[in-house]
Amino acid sequence: MKSWVILLLGLAPLRLGAQQAPLPLRQVAEETRASWQRQDAAGLVEKSPQLIIQLPGADPSAPVQRQQAGKLLRDFFERAEEVGTVLYDAREMDDGRGLVELRRRYRIRGTQHVREQLLLLSYRRSGKTWTLVELRVGR
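Description of the structure in this document. (Residues numbered from 1 in each chain as written. Predicted model: local features only at pLDDT ≥ 70, side-chain atom pairs only at ≥ 80, totals over all residues. Heavy atoms only, no water.)

**So, the overall build of the protein chain**
Then, number 1: Broken down by element type, the protein chain carries 4 helices and 6 strands.
Then, number 2: The order of helices and strands in the protein chain, counted from the N terminus, is α-α-α-β-β-α-β-β-β-β.
Then, number 3: The proportion of buried residues among the 139 residues of the protein chain is 34%.
Then, number 4: In the protein chain, once contacts between residues fewer than 6 apart in sequence are set aside, the share between residues at least 24 apart is 48%.
Then, number 5: Accessible area of the protein chain: about 8,900 Å², with a carbon and sulfur share of 54%. (Helix = DSSP H or I, 4+ residues; strand = E, 2+ residues; numbered from the N terminus. Buried < 20%, exposed > 50% of the residue type's maximum accessible area, 1.4 Å probe, protein only. Contact = heavy atoms within 4.5 Å. Areas by Shrake-Rupley, 256 points an atom, 1.4 Å probe, with all protein chains shown as cover.)

This is the structure:
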C-alpha cells in the first residue's frame, strides 16, 4: 500500500506541471486554421470577447463583440467554399503578442475558379491562453 502512495505522490507534480504550461501559438494557429477550413465562425471567435475584423473592400472595424464578429464571418463565408487553408507562419513576440499568417484557397459558390487570400491574425497572450484580437482578410 505504501508503494502506491509514494508512486501517486511522485506523479502528481508532473501532471500539475504539464497542466500549467502555456499553449504554444502554433497549436492555437492550427486550431484556427481548422476552424477556418470548416467555416466555423463561432469557433474562430469563441475565446475573443471582442476583436477587430477587416474584410476585403471594407475598412477595419472598431473592436466588435464576439456575437457581431461571428455574424460578420458567417456572412463572409456564405459566398465561398473553402478548398484549402494552410498555416504559413506563427510568431510569438516578446511583448505577449502573436502573429499568424494563413493562406486560404477558395472558390465562389457556383464557380470552379480557385482564388487565394492571405489571412493575418493577431493574438494577445493572457496568462496561459492566446486570444484572437484582430483578423484581416487580404484581397
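Having seen it, we continue.
**Thoughts on the sheet that holds strand β6 (residues 129-137)**
Then, number 1: The strand order across the open sheet formed by 6 strands is β2-β1-β6-β5-β4-β3, and the pairing between neighbours is mixed. In the strand order of this sheet, the two ends are held by β2 (64-65) and β3 (80-92), each with one partner.
Then, number 2: Bridge count for strand β1 (residues 50-54) against β6 is 3 bridges, and the pairing is parallel. Bridge pairing in β6 links Q54 to R136.
Then, number 3: Where helix α2 (residues 25-37) meets the sheet, it contacts β3, β4 (97-108), β5 (114-126) and β6, and its direction lies at approximately 170 degrees from that of β3. (Pairing = 2+ DSSP bridges. Axes fitted to C-alpha atoms, helices over the stretch in contact; angles between N-to-C directions.)

**Quick word on the packing of aromatic side chains**
Then, number 1: For the coordinates displayed, the defined rule picks out 3 aromatic pairs.
Then, number 2: Between W36 and F77 the ring centres are 4.8 Å apart and the planes differ by 75 degrees, which places this aromatic pair in the edge-to-face class. Of this pair, W36 sits in helix α2 while F77 is found in helix α4 (residues 66-77), placing the two residues 41 residues apart along the sequence.
Then, number 3: Judged by its relative accessible area of 1%, W36 is buried.
Then, number 4: A centroid spacing of 6.2 Å and a plane angle of 50 degrees characterise the contact between F76 and F77, whose relative ring orientation is tilted.
Then, number 5: Judged by its relative accessible area of 2%, F77 is buried.
Then, number 6: The rings of W36, F76 and F77 are connected pair by pair, giving a single aromatic cluster. (Phe/Tyr/Trp six-rings, centres within 6.5 Å; stacked < 30°, edge-to-face > 60°.)

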